[in-house]
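Listed below are the residues making up each chain.
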Amino acid sequence: MLEKTFDFASREKEIYDHWDLSGAFKCGQRPDADPFTIILPPPNVTGSLHIGHALNHTLQDVLIRWHRMRGRDVLWQPGMDHAGIATQMVVERQLDAKNISRHDLGRDGFIDKVWEWKEESGGMIFNQMRRLGQSCDWSRQKFTMDDGFVEAVLKKFVDLYNDGLIFKAKRLVNWDPKLCTAISDLEVEQREVNGNYWHFKYPVDGEEGRYLTVATTRPETMLGDVAVAVHPDDERYQDLIGKTVTLPLVGRKMIVVADEHADPEKGSGAVKITPAHDFDDHQVGKRHNLENINIFDEYAKLNDNVPEKYRGMDRFDARKLIVADMDALGLLDKVEPTVHVVPYGDRGGVVIEPWLTDQWYVDAETLAKPALEAVEKGDTKFVPKTWEKTYFEWMRNIEPWCVSRQLWWGHQIPAWYGPDGETFVAVTEEEAQKLADAHYGETKELIRDEDVLDTWFSSALWPNATLGWPDRTPELDRYYKSDVLVTGFDIIFFWVARMMMDGIHFMDGEVPFETVYVHALVRDEHGAKMSKSKGNVIDPLELADKYGADALRFTLAAMEAQGRDIKMSDKRVEGYRNFGTKLWNAAKFCEMNDCFSGERDFDPKSATQTVNKWIIGEAEKAAAQVTNSLEAFRYNDAAAAVYHFTWGTFCDWYIELIKPQFFDDAAEAAETRKTAAWVMDMILKMLHPFMPFVTEELWQNLSESRESDLILATWPEYDNGNVDEDAAKEMDWLIQLISDIRTARAEMNVPAGAKLDMLVAGTTSGTKDTINAQADVLKRLARLENIDTLEGDAPKGAISVVVGEATYYLPLAGVIDVDAEKARLTKSLEKLNKEIKSVSGRLKNENFVSKAPPHVIEENKKGLAEAKTKADKIKEALGRLASMD
């Protein structure tokens, strides 16, 4: 016997452990089946599960479980990223607490500490993934610092170097002066801050008393200025183009250049150009062949390229002194407060400095061309397709990719330098030494490059290195390419594009995946982005503990509509928890009525009763809808199809319709029991990818003769022979009529216990036969006393509903007080009309709309729509009452 409720708190872990121990998650158990592969975007080893992970992993697991049930040889490849900066910072903070610096330990000693931390604390997120039911092949876990993966990364670097696709150059990078490393754009956080525009006057050479005024939010960088740019069409400065100005405090002569980077409408229209410390200025510098003057060291302190009085100063201390000195010279025109965006390192937490430094770069433009063509040709498809535009835009404007990082934790760059600076690139030091010996003609001491590779450089190999590349393993041959990559939009460029480039380059032109599904962003219930500072962060594990993992999973899938962000709330998860309870109670009803005893040998084509033929056909249609929706990655449509069939069609209608049949004819009762069991099995199969725990629990408990666990059961394939259109037509008519009668009763405030007579007019012979066949059901579910054919005119004091060709009259004389009902409804309508007028006026008020938070506007719009719907229903009810006169 089933328990009163599903105890998810204790049973979810037990069910998961059973799956895991049984080997249900492992690939390779169906050697003759077609493979289906998804690679898990590797979470950081430092990471813990957030709501975005929960969505991403749930969407993948839905596909994995679905294809496993379809008979595919499924591989969901898990693994973790070593997360260079993040991990190094975690361990350094632990050492700092003990007053130990990584430099005290040395590089090897520090790396040993990182490995110790990884073994003790890393990978917590995998246990959290298990909590939510994710069915990865855990036996194949990979880590980007595993020996095999390290070998792949080093080989990639060496091969790209030998192909001329990796080079070293001095270029501008995002520099974190606290961590002293280059960082990627993804690790830069743009923050709005209160600052100033300082307007400086630069003397024009040869024209005493004439100045060119420039505005800057970063006065400290003026010491690196090499030019001033004006727009080529700005008439104010036509005579200055090609002339020079003198840089105050430094004395450097600087040319005035014509460049469209200068905006005539912004400030004075003249822009100071500092190519070594601004990305836009750097492009101007390249266009005009300007000098790059680097004025900062790695700690963002001023170096020897500035006047002596400023050397060694912190950049922000130098800012204050420079402004004071310019003011003293009379060259500070004005100070204008402003709010502007400043880049901060998301790890170091300090202002990022565009800094000119020697780094290793990948020729991304060359690698991007075949990756671009692959998507253009349709070898890889984006869903939704609109994201292809984003991909194309990035790939067509791609810059050389900086792949070196000034860290200790990570893949150390396999480059060695000779005493004269000559570079030797090889996988091992022994191979590098051989190259050096051949070059010099004798043995020279080599020094290895101390930098490590960008994390994205190694994770770009994830689709093939996790399967054994560079070796041509059986797994690589079978499971590459992946069928689907499920990811967020924010890493299309940083990860997806780079996997495309690497996959095509190293796998003989074959793309790494057929489809890239880009999912939504999870926001709070008001549509705001979640952040710790706002206090609106939703913890998925708390939701799972409160409502069960199934409820959380179904919520995420049901709300995942292509191109639309998810507004997440407790209430939504609670609602789908109630759905699980509804399913459980339906199963208990069937169990109590002995639906699950005996062999499961029912042939749905053998059904003879209309209600059973109808529910069998509806189950087939629902399964087809789920299948078609998942094939198109319409998760919300798939979830809606199984939800509405389970709750609406099966629980609310079928179970109510069949209740008397268990006590009537024995043959009919037996057929109904077998039908109910067959449909329940269909529901459990359809629901399993979304709600794996409760469905597996029911599957195991509702039969003693299962061939397999539900996780390995066969997915329902659509069988048109099980769809009886005549039965569907009859039952649709019945449900429509009962629903309309119930609605009319509610609108007229008819007491629930009152049984009404019904008079029927305008029926065809076929409808008459159906009414006779379904009379008992109609009387029971619509609360009717008698059903008769109307002879003559419509009776007074009756309301009517129309279904098909017939009209159905319900006399209400003596059942309700018509005048009292009119008064009640009229009063309610007046109240609603006042509300509609008030909210409409509010939404038309520009002052309100401009100041109210988005969620308040949304709530007002929703309230207005609901009020209008209620008002329309009351008007309809008043119309019914008027027809009774």
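First, a word on scope: everything that follows refers to the structure included in this document.

About the thresholds
- Residues numbered from 1 in each chain as written.
- Predicted model: local features only at pLDDT ≥ 70, side-chain atom pairs only at ≥ 80, totals over all residues.
- Heavy atoms only, no water.
- Pairing = 2+ DSSP bridges.
- Helix = DSSP H or I, 4+ residues; strand = E, 2+ residues; numbered from the N terminus.
- Salt bridge = Lys/Arg side-chain N within 4 Å of Asp/Glu carboxyl O.
- Buried < 20%, exposed > 50% of the residue type's maximum accessible area, 1.4 Å probe, protein only.
- Core = buried A, V, L, I, M, F, W, Y, C linked by side-chain atoms within 4.5 Å.
- Contact = heavy atoms within 4.5 Å.
- 1 Å grid on protein atoms, 1.4 Å probe; cavity = no way out; pocket = protein on both sides within 12 Å on 5 of 7 lines; lining within 4 Å.
- Points joined across faces, edges and corners; volume = space filled by probe spheres on them.
- Expected span 1.5 Å × (residues − 1).
- Phe/Tyr/Trp six-rings, centres within 6.5 Å; stacked < 30°, edge-to-face > 60°.
- Lys NZ or Arg CZ within 6 Å of the ring centre and 35° of its normal.

With respect to the sheet that holds strand 6 (residues 181–183)
Sheet architecture is open: four strands sit in the order 6-5-14-16, paired in antiparallel fashion. Looking at strand neighbours, the two that pair on one side only are strand 6 and strand 16 (401–402), the edges of this open sheet. Relative to strand 14 (residues 353–362), strand 5 (residues 166–176) is paired through ten bridges, and the arrangement is antiparallel. Residue pairing in the sheet places Asn174 in a bridge with Pro354 of strand 14.

Focus: the pattern of salt bridges
Evaluation of the coordinates by the stated rule reveals 51 salt bridges. Salt-bridge contacts for Arg210 lead to Asp239; the nearest nitrogen and oxygen are separated by 2.7 Å. In this pair, Arg210 is assigned in the loop between strand 7 (188–203) and strand 8 (211–216) and Asp239 in the loop between strand 9 (227–230) and strand 10 (244–246), connecting sequence segments 29 residues apart. Taking the shortest distance from any N to any O, the salt bridge between Arg706 and Asp681 comes out at 3.0 Å. With Arg706 in the loop between helix 22 (692–701) and helix 23 (725–747) and Asp681 in helix 21 (residues 666–687), this pair connects stretches of sequence that are 25 residues apart. Pair check on accessibility: Arg706 and Asp681 agree, each one buried. Overlapping salt bridges, with partners in common, bring together Arg218, Glu220, Arg315, Arg319 and Glu353 in one network.

So, the nonpolar core
The nonpolar side chains of a soluble globular protein tend to be buried with one another. Phe554, Met568, Trp614, Phe650, Met686, Phe690 and Tyr808 are the most contacted members of the largest nonpolar core, which has 164 residues in total. With 13 residues, the single largest contributor to this core is helix 20 (residues 635–658). Those residues in contact with Phe554 that sit more than four places away from it in its chain are Tyr576, Phe579, Ala639, Val642, Tyr643, Leu687, Phe690 and Met691. Listed in part, the 60 residues of the second largest apolar core include Ala152, Leu372, Tyr391 and Val425.

What to know about the environment of Gly345
Turning to its location among the elements, Gly345 is positioned in strand 13 (residues 332–345). According to the relative accessible area criterion, Gly345 is buried, its value standing at 1%. Remark: the alpha-carbon pair of Gly345 and Leu186, spanning 159 residues in sequence, is separated by 9.5 Å. In contact with Gly345, other than residues within four places in its own chain, are Asp176, Ile183, Glu187, Val350 and Ile352.

Some words on the pairing of strand 14
For strand 14, the buried fraction is high: nine of the ten residues fall into the buried class. Summarising the sheet, strand 14 and strand 16 pair through two bridges and their orientation is antiparallel. Paired with Val362 across the two strands is Trp401, which belongs to strand 16.

A word on the layout of surface pockets
The gaps left among the atoms become clear once a water-sized probe is rolled over them. Considered as a void within the structure, the second largest pocket measures approximately 1,300 Å³ in volume. Forming the boundary of the second largest pocket are 43 residues, of which Tyr197, Thr217, Arg218, Asp278 and His340 lie nearest the centre. Only strand 7, strand 8, strand 12 (270–273), helix 7 (279–287), helix 8 (315–328), strand 13 and strand 14 provide two or more residues apiece to the lining of the second largest pocket. Ranked by residues supplied to the lining of the second largest pocket, first place goes to strand 7 with eight residues.

Let's talk about helix 26 (residues 818–844)
With 27 residues, helix 26 ought to run about 39 Å at 1.5 Å a step, and its terminal C-alpha atoms sit 38 Å apart, in line with that. Buried residues in helix 26 make contact with helix 23 and helix 28 (854–883).

Structural notes on the packing of aromatic side chains
In total, this model carries 37 aromatic pairs according to the counting rule given. Taking the centre distance of 6.1 Å and the plane angle of 65° together, the rings of Tyr161 and Trp360 count as edge-to-face. Of the two residues, Tyr161 is situated in helix 6 (residues 147–162) and Trp360 in strand 14; the sequence distance between them amounts to 199 residues. Accessibility expressed as a relative area gives 2% for Trp360, which makes it buried. Seen in terms of ring centroids, Trp175 and Trp355 are 4.6 Å apart; in terms of plane orientation they differ by 50°. Their pairing is tilted. Pair noted here: Trp175 is in strand 5 and Trp355 is in strand 14, with a separation of 180 residues, a long-range link. One aromatic cluster is present, formed by Phe554, Tyr576, Phe579, Tyr643, Trp647 and Phe690 through successive ring pairs. Just above the ring of Phe143 sits the side chain of Lys118; from NZ or CZ to the centre is 4.4 Å. Positioned above the aromatic ring of Trp401 is the side chain of Arg498, whose terminal nitrogen or guanidinium carbon lies 4.0 Å from the ring centre.

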